[in-house]
Amino acid sequence: MIKAEDVSLVYPDGTVGLKDVELHIEKGEFVYIIGPSGSGKTSFLKLLMGIEYPSSGSMQVLGQAIHKDEEKGIRNIRQQMGPVFQDFKLIRGRTALENVVLGMRFLNLPKAEIYFRAEEALQRVGLKHKKSSYVETLSWGQGQRVAIARAIARKPTMIIADEPTGNLDFDNAVNMLDLLTSLKEKDTTVIITTHATHLIDELDEGRILYVDNGNIDNLSREGAAL
Ligand SMILES: Nc1ncnc2c1ncn2[C@@H]1O[C@H](COP(=O)(O)OP(=O)(O)OP(=O)(O)O)[C@@H](O)[C@H]1O
Ligand SMILES: [Mg+2]
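My aim in this report is to walk through the structure given alongside it, one point at a time. Residue numbering note: each chain is counted from 1, following its sequence as written. For naming, the first written chain is A and the first written ligand is 1, with later ones following in the order written. The predicted nature of this model means local features are confined to residues of pLDDT at least 70 and side-chain atom pairs, given and counted, to a pLDDT of 80 or more, with totals for whole chains, interfaces and linings taken over all residues.

## Structural notes on the nonpolar core
Stated precisely, the cut-off is as follows: For this entry, the nonpolar core is defined as buried Ala, Val, Leu, Ile, Met, Phe, Trp, Tyr and Cys residues connected by C-beta atoms within 7 Å. Put simply, a residue is buried when 20 or more other C-beta atoms lie within 10 Å of its own C-beta and exposed when 12 or fewer do; between those, it is partly exposed, and each C-beta is set from the backbone. Secondary structure elements follow DSSP: runs of H or I of four or more residues count as helices, runs of E of two or more count as strands, with numbering from the N terminus. Once C-beta atoms have been placed from the backbone, residue pairs whose C-beta atoms lie within 7 Å are recorded as contacts.
Counting residues in each nonpolar core, the largest one holds 55 residues, and the members touching the most others are Val 100, Leu 122, Ala 149 and Ile 160. Broken down by element, the residue count for this core peaks at seven residues, all from helix 5 (residues 140-153). If sequence neighbours within four positions are ignored, Ile 160 has contacts with Leu 45, Leu 48, Met 49, Met 81, Pro 83, Val 84 and Ile 191.

Shown next as structure tokens:
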């Protein structure tokens, strides 16, 4: 499903985002990516989504090479992804429902199906009562739920969430991770980055990857790199 072989990412200004990453993630895995600010977590997600390409090494996602000559194939696999961005990327001046609907605009679904899925997704994140509210009037946590609803309404093969616990206090952060866990369907691969290392002990599911200075390692739950 995701295969990175000796992948490095160097940004145009010379900053090393990731180096020598060797990683396999299988279908249906639940993966946390943890590590300090600036370590390369978002950079890894950008590679997964084909927003950046490896500067060296090779990367495959859903059978598609992540490479600058593969734009069309990358657009196709993006249809199978449900991203939740660090800054949510909600569209102001539109309601919660419209935002979820807009997340499905390139999926070639009938209009009735799109609205059905959007309502269902808002219900699952507990926000149906806010469906007609403009997103700029929602609280931060509600905005985040809209972003998650937008991702799951796409019925993606992969859910990719960048810092869904950012800004939340401990209880709400645990609730958020529980929510994402509960939304996971059997075959869906879920990849979540988080600063909140102390939360990991609260969760019994999932594999943990630790990113430090552009390197990615598997971590055991006791905290030792494997
Ligand atoms: N477009 C860019 N151009 C140059 N450097 C960048 C770019 N994007 C990220 N970087 C740098 O790459 C490194 C990794 O950044 P990244 O955003 O992946 O970190 P992160 O682990 O997601 O951090 P945070 O926890 O703060 O979100 C940082 O040094 C960052 O400054
Ligand atoms: Mg980040």
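Still more to cover.
## A look at the site of ligand 1
Under the convention used in this document: Nearness rests on one distance test: the residue's C-beta atom, set from the backbone, must lie within 6 Å of the molecule or strand. Each residue gets one of three labels, nonpolar for Ala, Val, Leu, Ile, Met, Phe, Trp, Tyr, Cys and Pro, charged for Asp, Glu, Lys and Arg, and polar for the others, Gly among them.
Surveying the vicinity of ligand 1 reveals 13 residues, the closest of which are Tyr 11, Ser 37, Lys 41, Thr 42 and Ser 43. When grouped by side-chain class, the residues that make up the shell around ligand 1 number one nonpolar, 10 polar and two charged.

## Examining the sheet that holds strand 2 (residues 16-25)
Under the convention used in this document: Here, any two strands with at least 2 DSSP bridges between them count as paired. Between N-to-C directions, angles span 0 to 180 degrees; the directions come from axes that are lines fitted to C-alpha atoms, helices contributing only their stretch in contact.
The strand order 2-1-4-5 describes an open sheet built from four strands, whose pairing is antiparallel. For this open sheet the edge positions go to strand 2 and strand 5 (64-65), each flanked by a neighbour on one side alone. Examined bridge by bridge, strand 1 (residues 2-10) and strand 2 share six bridges and lie antiparallel to one another. Across the sheet, Ile 2 pairs through a bridge with Ile 25, a residue of strand 2. Along the sheet, helix 1 (residues 41-48) contacts strand 1, strand 2 and strand 4 (56-61); its crossing angle with strand 1, the most-contacted strand, is approximately 120°.

## Quick word on helix 6 (residues 170-183)
Defined as follows: Here, expected helix span is obtained from the residue count minus one, scaled by 1.5 Å. Comment: arc refers to directions from the helix axis out to C-beta atoms.
Over its 14 residues, helix 6 extends 20 Å from the first C-alpha to the last, a length consistent with the 20 Å expected when each residue adds 1.5 Å. Turning to helix 6, its buried residues number three or more, namely Ala 173, Met 176, Leu 177 and Leu 180. Around the axis of helix 6, the buried residues are gathered within 90° of arc, so they sit on the same side. Set apart from the buried face of helix 6 by more than 90 degrees, the exposed residues are Asp 171 and Ser 182. Buried residues belonging to helix 6 abut strand 7 (158-162) and strand 8 (189-194).

## Things to note about the sheet that holds strand 3 (residues 30-34)
Within a beta sheet, neighbouring strands are joined by backbone hydrogen bonds and run either parallel or antiparallel to one another. One open sheet holds the six strands; their spatial order is 6-7-8-3-9-10, and the pairing between them is mixed. Here the strands that pair on one side only, and so sit at the sheet edges, are strand 6 (81-84) and strand 10 (215-219). Between one strand and the next, the sheet's axes are offset by a mean angle of 20°, whatever the strand orientation. Two strands pair when backbone bridges link them, and strand 3 and strand 9 (residues 207-212) are joined in this way by four bridges, in the parallel orientation. Paired with Ile 33 across the strands is Leu 209, a residue of strand 9. Packing of helix 5 onto the sheet brings it into contact with strand 6 and strand 7, and relative to strand 6 it is tilted by some 175°.

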